[in-house]
Every structure is written in C-alpha cells, then in structure tokens.
Amino acid sequence: MTWFDDFADEMYGGSRPGVARTLAPVLINRLGLTANSIVLDLCCGRGHFSMAASDLVGRVVAVDSALTMIDFLRAQGQPSITAILGDAATEDLRGLNADACVILWNSLGYAGRESDVGLLKNARSALAPDARLVVELRLLEDIDDLSPRATAERRESGSFVRGRSVSKQWMHTVWSVTDPSGKILKRAEFDQYLYTADEFREVLHDAGFVPDAVERLSIGDLGQAQSTFFFARPKPLD
Ligand SMILES: C[S@@+](CC[C@H](N)C(=O)[O-])C[C@H]1O[C@@H](n2cnc3c(N)ncnc32)[C@H](O)[C@@H]1O
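Predicted model only: the values in this text are computed from it and were never measured.

**Some thoughts on the packing of aromatic side chains**
The final tally for this structure, using the stated rule, is 15 aromatic pairs. Measuring from ring centre to ring centre gives 5.6 Å for Trp3 and Trp175, while their planes differ by 85 degrees; the resulting arrangement is edge-to-face. You can see Trp3 sitting in helix α1 (residues 3-6) and its partner Trp175 sitting in strand β8 (residues 170-178), a full 172 residues away along the chain. Considered together, Trp3 and Trp175 belong to a single accessibility category, that of buried residues. Look at Phe200 and Phe230: their rings are 4.9 Å apart centre to centre, the planes differ by 65 degrees, and that puts the pair in the edge-to-face class. You can see Phe200 sitting in helix α7 (residues 197-206) and its partner Phe230 sitting in strand β11 (residues 228-234), a full 30 residues away along the chain. No difference in accessibility class separates Phe200 from Phe230, as the two residues are buried.

**Quick notes on the site of the ligand**
Close to the ligand lie 18 residues; Tyr12, Cys43, Asp64, Ala88 and Leu104 are nearest. Here Cys43 contributes a backbone N or O atom positioned 2.7 Å from a nitrogen atom of the ligand. Here Ser65 contributes a backbone N or O atom positioned 3.1 Å from a nitrogen atom of the ligand. Considered on its own, the ligand offers 600 Å² of accessible surface; in the complex 92% of this is hidden by protein. In the shell around the ligand, the residues fall into 11 nonpolar, 4 polar and 3 charged.

**Examining the packing of helix α6 (residues 113-125) against α7**
Taken N-terminus to C-terminus, the directions of α6 and α7 make an angle of 50 degrees; their axes are 8 Å apart at the nearest point. Taken together, α6 and α7 sit at an angle that is classed as oblique. Considering the relative orientation of α6 and α7, their crossing is right-handed. Across from Arg113, Val117, Leu120 and Lys121 in α6, the residues of α7 making contact are Phe200, Glu202, Val203, Leu204 and Asp206.

Calculation criteria
Residues numbered from 1 in each chain as written. Predicted model: local features only at pLDDT ≥ 70, side-chain atom pairs only at ≥ 80, totals over all residues. Heavy atoms only, no water. Phe/Tyr/Trp six-rings, centres within 6.5 Å; stacked < 30°, edge-to-face > 60°. Helix = DSSP H or I, 4+ residues; strand = E, 2+ residues; numbered from the N terminus. Buried < 20%, exposed > 50% of the residue type's maximum accessible area, 1.4 Å probe, protein only. Near = heavy atom within 4 Å. Polar contact = N/O pair within 3.5 Å; in protein donor to acceptor, adjacent residues only side chain to side chain. Areas by Shrake-Rupley, 256 points an atom, 1.4 Å probe, with all protein chains shown as cover. Nonpolar A, V, L, I, M, F, W, Y, C, P; charged D, E, K, R; others polar. Axes fitted to C-alpha atoms, helices over the stretch in contact; angles between N-to-C directions. Parallel < 35°, antiparallel > 145°, perpendicular 65-115°, else oblique. Left-handed = near helix turned anticlockwise from the far one by under 90°. Contact = heavy atoms within 4.5 Å.

Written as structure tokens, this is what we have:
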C-alpha cells in the first residue's frame, strides 16, 4: 500500500472529480479524438477522467500503481476501460497504438527527473506515430511563495491536516488524520519535485517527445493549485 491508497478519500474529497469530468470533453475535443480513438490514462488515480473519456472515445487503458485506486475504477464496471494495476514506468504497453496519452493532476516529480523521463519513454512506446501526449503539472512558477514555508489546512471536523513547505524546488507535504482527542490515525510525508516550464520541456525532449504547446486551461476551479498543460508529439523514430 502506498500513501496514495491511504489518502485517496482526502485527495478526492474536493473538487477534483468534477474537474476531471469537465476536463475530459475539453481535452478530447482539443486532441481531435473520435469514437474510435484509444486513450491511455497513466497514473489514472480513481479514473474520473477515464470514466468521462470512455463515453467519448472507443477504448481507455488506465494504469495506476495504487490498488485501491484501480479497485475503485474497476468497480465502476465500464466495459470500454481496461484498468491495469502497475507501474506506469515499466508496464509493457507496446503495441497499444494509443491515439493519446494523458498524465493528469501532478502525477510526476515524486521519484525525480530520470524516473519521469523513463515513465514518459514508456508512454511513448504505447503511442501511435501521430498521437499526442498531455501532461498536467503544478510548476515551480505556480507556487507564489518560493521561500521555505509551511502551511496547514484543516478540513471540516478538523481531523485532516495538511502541511507544506517548498525548498530547492522540492515540495514537502505532510498529511495527517487525527481523531477528536488528537491521536494520529494515519500520516504520510512525501516530496515532489516542482519543474519549471523550461525544465519540463527538456524532460519531454529527453523522453522522445516534441513539445508543441504549453497552456493553462481555464476549467473552473482546477483544484488545490494552478495547473499547466503540456501538449507534445512523439518524435519520429530514426
Ligand atoms: C495526484 S494522483 C492523480 C490521479 C489522476 N491522474 C487524476 O487526475 O485523478 C497521482 C496518482 O499517480 C499514481 N502514480 C504515481 N506514480 C505512479 C507510477 N509510477 N505508476 C503508476 N501510477 C503512479 C498514484 O498512485 C496516484 O493515484
């Protein structure tokens, strides 16, 4: 079990499921996908985007390494979604010939740059030559205060607390849930590297993609933070 499993309810307790459903038709339209298209949703989480996309395209293949996320998606029983429990960096996806790959909501940066390049290379191996990649990231530029700092946020009953600090482009997050007496019921601590837009273009390049647009899409409230969308195409093979 990863912390993603432990904190799935807290992660998806906000506006994100609705945002994913609003985002799906916008991205699908933007990518020119049709009812015959195949979409690969890497690091799919609970698959809210996959579910919304599956009504609009032919097939969705969704991959996540957290068991409870994949179980949640499988329980939706959507026959045009193949939900795979696996590591997006190593799952063999060759031959899928997908028309698009999406990696949404800050799913990169946890294991460092080289690991992200590897994951994106694996994504590339699953794509048709004229496919598109979309990565949604919170960038260093999206954090207004770059000095080391801590913020804490309490939810409803006061039982879910989030603390965050940013130092040297690594965002350190501490999440905990306590009972009314203050006893800690669960706790997670993790780091995520915040790319600059220029750095992430380099990452895409190193993974065999040609970046073709970097945009902020205006989709209502995008959730806890601003997001930037990178669109890219696979570089033709030599
Ligand atoms: C912030 S959530 C985003 C989920 C989803 N993309 C969405 O928009 O709802 C990040 C997800 O990435 C998954 N993840 C992180 N690293 C992964 C990897 N190497 N392979 C597969 N899944 C991964 C986590 O399990 C988690 O569900």
